[in-house]
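Breakdown of the fold
Spelled out, the chains give:
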Amino acid sequence: MRIGIVGGGQLGRMLAQAGAPLDLRFTFLDPGSEPCAAAHGEHLQADWQDPAALAALTANCDAITFEFENVPAEAVARLAEQRPAFPPAQALSTARDRWLEKSLFRELDIAVPPIARIDSQADLDAAVAEIGLPAVVKTRTLGYDGKGQKVMREPADVSGTFAELGGVPLILEGFIDFDHEISVIAVRARDGEIRHWPVVRNAHRQGILHCSVPQVAHPLQAQAEDYASRVMRELDYVGVMAFEFFVTDAGLLANEIAPRVHNSGHWSIEGAVTSQFENHVRAVAGLPLGETARLAPCAMLNVIGAFPERDAVLAVPGTRWHDYGKAPRPGRKIGHITVLAADDETLAERVAAVEALLVNDLG
Ligand SMILES: Nc1ncnc2c1ncn2[C@@H]1O[C@H](COP(=O)(O)OP(=O)(O)O)[C@@H](O)[C@H]1O
Ligand SMILES: [Mg+2]
């Protein structure tokens, strides 16, 4: 069986690595000349909308999936006409637009921060007057790793902000003074079965994920699972979905979903019975889902912009090295390191040892 993946970045690469033992083959559609996933499958070099490339993808593949959400809706529709394509088009179009996404959460009775839809500076001024400062303003589409966002703390920060962010549709959110951030990774099979991994505690630096630690028995595990299940059922979702939350005194506030495998689930490659990548390809291929239990205390640290000395990291017990084969650039995710241990105390020591070696360049 051959799976077509729209996108050829590290997520596609790790999907292919996970599918190999199941003898699944992969074709990547990506406009780049040497996308990092191409080391693990066929590469169709073309634009996302190229009709000939989309036709070639469906001709060669038995099922289609996506490694990112910014695929043009027409391309998704074209693919889904020819082959099973997961997740469904509506999931991609909802997740790529922060306003549609948060509106869906509200419809499903999932608590969100105070929000307002912004189409002009006048909208922004009025919404700030209502929601108050501090507040965060974000482009509705195309933001990632904290890009396309601005935190406004004082009235002077508000003026000119609509133009500063490009004059595009925005969402305003009240700034949440959260205790910490968590995400839950969930997977839904073609037959509707849903499984969740243990929730992950995430720490960001400059808006980019720095560290993820799966939590066993987090008090909000059940609520996070319930919210993820509601969204996946509503969207008739198939595949892996990530759901990010702020943990506050009042419980969970929903931040965003990603309609794909997610950086905060990379620990599952070594740390879970079945990784997010394997369960995603299983779901897309129509295979039974695997167990999602955590195997051992573990953590994932991102490698951003520059690699630490590899052999020094490998010399720390319990570490596993992931080099995505990408050229280092400031702010670019080029790899990650998983750290495993038999107990939490040893894990903390090993994570500290790896952190001391990191030379991340966040840009
Ligand atoms: N309303 C908010 N209040 C406080 N912090 C926020 C808010 N929105 C985003 N952040 C911070 O910025 C990070 C990135 O924002 P997010 O909306 O998740 O965008 P991205 O698509 O870049 O991940 C979040 O993980 C969180 O740390
Ligand atoms: Mg996020």
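Calculation notes
Residues numbered from 1 in each chain as written. Chains lettered and ligands numbered in written order. Predicted model: local features only at pLDDT ≥ 70, side-chain atom pairs only at ≥ 80, totals over all residues. Helix = DSSP H or I, 4+ residues; strand = E, 2+ residues; numbered from the N terminus. Rg over C-alpha atoms; globule rule 2.2 N^0.38 Å. Buried ≥ 20, exposed ≤ 12 C-beta atoms within 10 Å, placed from the backbone. Contact = placed C-beta atoms within 7 Å. Pairing = 2+ DSSP bridges. Near = placed C-beta within 6 Å. Domains from an automatic or database assignment. Nonpolar A, V, L, I, M, F, W, Y, C, P; charged D, E, K, R; others polar. Axes fitted to C-alpha atoms, helices over the stretch in contact; angles between N-to-C directions. Parallel < 35°, antiparallel > 145°, perpendicular 65-115°, else oblique. Core = buried A, V, L, I, M, F, W, Y, C linked by C-beta atoms within 7 Å.

**Quick word on the overall build of the protein chain**
Each helix and strand counted, the protein chain has 12 helices and 18 strands in total. Scaling as 2.2 N^0.38, a compact globule of 363 residues should have a C-alpha radius of gyration of about 21 Å, and the protein chain matches this with 20 Å. With the principal axes as the frame, the protein chain shows a C-alpha extent of 55 × 50 × 40 Å. Counting the 363 residues in the protein chain, one finds 43% classified as buried. Of the contacts made within the protein chain by residues no fewer than 6 positions apart, 63% connect residues no fewer than 24 positions apart.

**Here we look at the sheet that holds strand 1 (residues 2-6)**
Spatially, the 5 strands line up as an open sheet ordered 3-2-1-4-5, and their pairing is parallel. Looking at strand neighbours, the two that pair on one side only are strand 3 (42-44) and strand 5 (85-86), the edges of this open sheet. Here 4 bridges tie strand 1 to strand 4 (residues 63-66), and the two strands are oriented parallel to one another. Bridge assignment links Ile3 to a residue of strand 4, and that residue is Ala63.

**Remarks on the site of ligand 1**
If you check the shell around ligand 1, you find 15 residues, and the closest are Val136, Glu173, Phe175, Ile176 and His204. Looking at which domains feed residues into the shell around ligand 1, each of domain 2 (114-174) and domain 3 (180-357) gives three or more.

**Considerations on the domain arrangement of the protein chain**
Parsing the protein chain into structural domains produces domain 1 (2-86), domain 2 (114-174) and domain 3 (180-357). Distance from the C-alpha centre of domain 1 to the C-alpha centre of domain 3: 23 Å. Opposite the 18 residues of domain 1 that make contact, domain 3 presents 17 residues. Elements with a minimum of two residues in the side of domain 1 that touches domain 3: helix 1 (10-19) and strand 4. A total of 7 residues in the side of domain 1 that touches domain 3 trace back to one element, the largest contributor, which is helix 1. Tallied by class, the residues present in the side of domain 1 that touches domain 3 amount to 12 nonpolar, 3 polar and 3 charged.

**Structural notes on the packing of helix 1 against helix 10 (residues 276-285)**
Running from amino to carboxyl end, helix 1 crosses helix 10 at an angle of 75°, the nearest separation of the two axes being 8 Å. By the angle between their axes, helix 1 is roughly perpendicular relative to helix 10. Contact with helix 1, carried on its side by Met14, Leu15, Ala18 and Gly19, involves Phe277, Glu278, His280 and Val281 of helix 10 and no other residues of that element. Taken together, the residues of the contact of helix 1 with helix 10 break down into 5 nonpolar, 2 polar and 1 charged.

**Some points on the pairing of strand 4**
On strand 4, burial covers both faces: Ala63 and Thr65 on one face and Ile64 and Phe66 on the other are all buried. Examined bridge by bridge, strand 4 and strand 5 share 2 bridges and lie parallel to one another. Opposite Thr65, over in strand 5, you have Phe86 as the bridge partner.

**Looking at the nonpolar core**
Among the nonpolar cores identified, the biggest contains 97 residues, and Leu15, Leu172, Ala224, Ala228, Met241, Phe243 and Ala299 are the most heavily contacted of them. Setting aside chain neighbours within four positions, we find Leu15 in contact with Ile5, Val261, Phe277, His280 and Val281.

**Details of unusual backbone geometry**
Residue Pro87 follows Phe86 across a cis peptide bond; omega there is -5°. The step from Leu133 to Pro134 runs through a cis peptide bond, and the omega angle for that step is -5°. Not every positive phi belongs to a glycine, and Leu142 is a case in point at roughly 70°. Take Leu142: it is sitting in the loop between strand 7 (135-139) and strand 8 (149-152). One non-glycine residue with positive phi stands out, namely Gln206, at about 50°. Among the secondary structure elements, Gln206 is positioned in the loop between strand 12 (200-205) and strand 13 (208-214).

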